[in-house]
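A look at the structure
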Amino acid sequence: MATGTHMVEVPVGIENVWDFVSDMEKWAKLVPGYNAHEMIDEKHSNWTFKGNVGVLKKTVQVEITILEWAAPTKVTFELKGLSDNFSGNGYFLAESIDAENTKMTGFLEVTAGGLAGPVLNPIFKPIVPKATRMLTDRVANKIKLVNV
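Residues numbered from 1 in each chain as written. Predicted model: local features only at pLDDT ≥ 70, side-chain atom pairs only at ≥ 80, totals over all residues. Heavy atoms only, no water.

1. With respect to the packing of aromatic side chains
Operational definition: Any two of the Phe, Tyr and Trp rings considered here, Trp counted by its six-membered ring, make a pair once their centres fall within 6.5 Å; the pair's planes then place it as stacked at under 30 degrees, edge-to-face at over 60, or tilted in between. In this description a helix means any DSSP run of H or I spanning at least four residues, a strand means any run of E spanning at least two, and both kinds are numbered starting from the N terminus. Only protein chains enter the area calculation, which uses a 1.4 Å probe; residues under 20% of their type maximum are buried, those over 50% are exposed, and those in between are partly exposed.
If you walk through the whole model with that rule in mind, you get five aromatic pairs. Ring plane angle 20 degrees and centroid distance 5.1 Å describe the contact between Tyr91 and Phe107, whose orientation is recorded as stacked. Within this pair, whereas Tyr91 is found in strand β6 (residues 86-98), its partner Phe107 is found in strand β7 (residues 101-112), the two being separated by 16 residues in sequence. On the accessibility criterion, Tyr91 (21% relative accessible area) is partly exposed. Residue Phe107 is classed as buried on the basis of its relative accessible area of 16%. The structure contains a cluster of three or more aromatic residues connected by ring pairs, namely Trp27, Tyr34, Trp47, Phe49 and Phe92.

2. Quick look at the environment of Trp27
Here is the rule: When checking whether two residues touch, look at their non-hydrogen atoms; a contact exists if any pair is within 4.5 Å. Two N or O atoms count as a polar contact when they lie within 3.5 Å, although within protein this holds only if one can serve as hydrogen donor and the other as acceptor, and sequence-adjacent residues are included solely when both atoms are side-chain atoms.
Along the chain, the position of Trp27 falls in helix α2 (residues 24-27). In this structure, the C-alpha to C-alpha distance between Trp27 and Val75, residues 48 residues apart in sequence, is 13 Å. Discounting chain neighbours no more than four positions away, the residues touching Trp27 are Phe20, Val21, Trp47, Phe92, Leu135 and Val139. Of the polar contacts made by the side chain of Trp27, one reaches the backbone oxygen of Val21; its length is 3.0 Å.

3. Some thoughts on the packing of helix α1 (residues 14-21) against helix α3 (residues 117-146)
Packed helices, taken two at a time, are described by the angle between their axes plus the distance between the axes. The criterion, for reference: To obtain an axis, a line is fitted to C-alpha atoms, over the contacting stretch when the element is a helix, and the angle between two such axes runs from 0 to 180 degrees between their N-to-C directions. With respect to orientation, any angle under 35 degrees is reported as roughly parallel, any angle over 145 as roughly antiparallel, any angle of 65 to 115 as roughly perpendicular, and every other angle as oblique. For any helix crossing, the convention is left-handed if the near helix is rotated counterclockwise from the far helix by under a right angle, and right-handed if that rotation is clockwise. In this count, Pro and Cys sit with the nonpolar residues alongside Ala, Val, Leu, Ile, Met, Phe, Trp and Tyr, while Asp, Glu, Lys and Arg are called charged and the others, Gly among them, polar.
Across the interface, α1 lies against α3 with an axial gap of 10 Å and an inter-helix angle of 115 degrees. It follows that α1 is roughly perpendicular to α3 by the angle criterion. Here the hand of the crossing between α1 and α3 comes out right-handed. Every residue of α3 that contacts α1 at Asn16, Val17, Phe20 and Val21 is listed here: Val139, Lys142, Ile143 and Val146. Along the lines of polarity and charge, the residues of the contact of α1 with α3 split into six nonpolar, one polar and one charged.

4. Some remarks on the confidence of the model for the protein
Short version of the rule: Per-residue confidence from the predictor is reported as pLDDT, a score between 0 and 100.
Chain-level pLDDT for the protein is 94 on average; 97% of the residues reach the 70-or-more range. At the level of individual helices and strands, the protein shows its lowest average pLDDT in strand β3 (residues 44-53), which scores 88, and its highest in strand β1 (residues 2-10), which scores 98.

5. Describing α3
Put simply, the test is: Two axes enter the bend calculation: one fitted to the seven residues ending at the residue in question, the other to the seven starting there, and the bend is the angle between them.
The principal kink in α3, of about 40 degrees, is found at Phe124, preceding the proline Pro126 by one to four residues. Taken together, the buried positions of α3 are occupied by Gly117, Leu120, Asn121, Phe124, Val128, Thr132, Leu135, Thr136, Val139, Ala140 and Ile143.

6. Section: α1
The criterion, for reference: In this context, the arc is that of the directions from the helix axis out to the C-beta atoms.
Among the residues making up α1, those that are buried are Ile14, Val17, Trp18, Phe20 and Val21. Summarising the axial view, the buried residues of α1 lie within an arc of 165 degrees, below the 170-degree limit, and thus occupy one face.

7. A look at the pattern of salt bridges
Basically, it comes down to this: Salt bridges are counted wherever a side-chain nitrogen of Lys or Arg sits within 4 Å of a carboxyl oxygen of Asp or Glu.
One pass over the structure, following the stated rule, counts three salt bridges. Linking Lys26 and Asp19 is a salt bridge whose minimum nitrogen-to-oxygen distance equals 3.0 Å. A residue is classified by how much of its surface remains accessible, and Lys26, at 33% relative accessible area, is partly exposed. Residue class for Asp19 comes out partly exposed when judged on its relative accessible area of 45%. Between Asp84 and Lys58 there is a salt bridge, with its nearest N and O atoms 3.1 Å apart. In this pair, Asp84 sits in the loop between β5 (74-81) and β6 while Lys58 sits in strand β4 (residues 56-70), placing the two residues 26 residues apart along the sequence.

Okay, here's the thing in structure tokens:
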């Protein structure tokens, strides 16, 4: 199992953070390795990622399911590999510092299963924290730009 957590302060109110992170369409393209996504309904979507996993170049398809929208603080989701045997979960958490500043935390956990699990899990350990940091920073920067 690989996990990543990253926190950043965003110079906007919590409502602005919520407005952005509660809508996948606003941040989908910011996910590292993003290639495409298709909304199935408001809580389910299928995503395609392209990238390098260790020495392998790979295209991966993932089902994302929103588990909870807890306005204005938390969006929780789970992911399931459609093309490969892995699963995980994550969230965006917003905590109000004051009327004009919000602490935003991104979290992601991924576990590879099956025969490849023992090989892939050690590869995921450095990748997942880096991807979590990149996504959280990209989302925070985009929120800043949208709310200038």
